[in-house]
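One-letter residues, chain by chain:
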Amino acid sequence: MKQIFLVEDDLSLINGLSFAIQKQGYNIEIARTICEANAKWASGSYDLAILDVSLPDGTGFDLCKKIRQTSQVPIIFLTAADEETDIIMGLDLGGDDYITKPFKLAVFLSRIHAILRRSENSHQANTALVSGGIKVNLLKSEVSKNGEAIELTASEYKLLRLFVENPDCVLSSEQILSRLWDCDESYVDSNTLTVYIRRLRTKIEDDPGNPTKILTVRRLGYKWNSEA
């Protein structure tokens, strides 16, 4: 049975979400503060973390940073804030989804099912991907170029992995966005993707101004050149 970790301080929301999540056949562990969450996280084992951004003694972003030091468990941010900068920050820190209050319960549960399904498929994948001098260690979420470690944000890592897993295939912006994030497209859109592509190229390309690995296919999207 899947174990879900909910960090939220609103009692009415906790009661509603707990009932709905358990009705779907999942177990749920609840924490109402960062302090309580740290203690429960250290002693528990979870398949998904749902983190409220605004908590009495800190933020869900702080908790996400700590979780990402030791775990790649999927993370959903839950908050009333809908600022673009907050959403981008959450994704860069390693969030897999970002849901703003108020929300429809059916949509929320659908997001949970989708993320858990992708996570399970990911665990069944190979332990490493190698292409064009780039190696992606799937178990440790580490990347190296010609044997030298490369530091990527969580979003850059997801983007690179998607490309390497689909060599020489043209991926449209819409395909990439739908495969990487479930957030509202008005925030994570093609312009945001362009920024991520540019940042990733500066880290993996020999000449970012003349890329040979991540190619732009005019009017269609992008593709990973396995022969680079």
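Above this text sits the structure in question.
Rules behind the numbers
Residues numbered from 1 in each chain as written. Predicted model: local features only at pLDDT ≥ 70, side-chain atom pairs only at ≥ 80, totals over all residues. Heavy atoms only, no water. Core = buried A, V, L, I, M, F, W, Y, C linked by side-chain atoms within 4.5 Å. Buried < 20%, exposed > 50% of the residue type's maximum accessible area, 1.4 Å probe, protein only. Helix = DSSP H or I, 4+ residues; strand = E, 2+ residues; numbered from the N terminus. Contact = heavy atoms within 4.5 Å. Pairing = 2+ DSSP bridges. Axes fitted to C-alpha atoms, helices over the stretch in contact; angles between N-to-C directions. Arc of directions from axis to C-beta.

J.: Describe the nonpolar core, and please don't skip the residues or the numbers.
T.: Nonpolar side chains tend to gather and get buried jointly when the protein is soluble and globular. Ranked by size, the top nonpolar core spans 47 residues in total, and within it Leu51, Val136, Leu159, Leu160, Phe163 and Ile176 carry the most contacts. By residue number, the principal contributor to this core is helix α6 (residues 154–165), which donates six residues. Residues contacting Leu160, with those up to four places away along its chain left out, are Ile134, Val136, Val143, Leu152, Leu200, Ile204 and Trp224. Membership of the second largest hydrophobic core comes to 18 residues, among which are Ile21, Tyr26, Ile28 and Ile115.

J.: Before we move on, can you summarise the sheet that holds strand β3 (residues 48–52) with the specific residues and values?
T.: Spatially, β2-β1-β3-β6-β7 is the arrangement adopted by the five strands of the open sheet, whose pairing is parallel. Each edge of the sheet is formed by a strand with only one pairing partner; in this case those strands are β2 (27–31) and β7 (97–100). Taken over all neighbouring pairs, the strand axes of this sheet differ in orientation by 20° on average, direction set aside. Of the pairings in the sheet, the one linking strand β6 (residues 75–79) to β7 comprises four bridges and is parallel in character. Residue pairing for β7: Thr79 is matched across the bridge by Thr100.

J.: Which residues make up helix α7 (residues 173–180), and what values do they have?
T.: When α7 is considered as a whole, its buried residues turn out to be Ser173, Ile176, Leu177 and Leu180. Looking straight down α7, one finds that the buried residues subtend no more than 95° of arc, so they occupy a single side. Turning to α7, the residues buried within the fold contact α6, α8 (190–204) and β13 (221–224).

J.: Describe the pairing of strand β8 (residues 128–131), naming the residues involved and giving the relevant values.
T.: Residues of β8 alternate between two faces, with Leu129 and Ser131 buried on one and Ala128 and Val130 left unburied on the opposite face. With four bridges connecting them, β8 and strand β9 (residues 134–137) associate as antiparallel partners. Counterpart to Val130 in the pairing with β9 is Lys135. Between β8 and the antiparallel strand that follows it, β9, lie two residues; Gly132 among them carries a positive phi value of about 60°.

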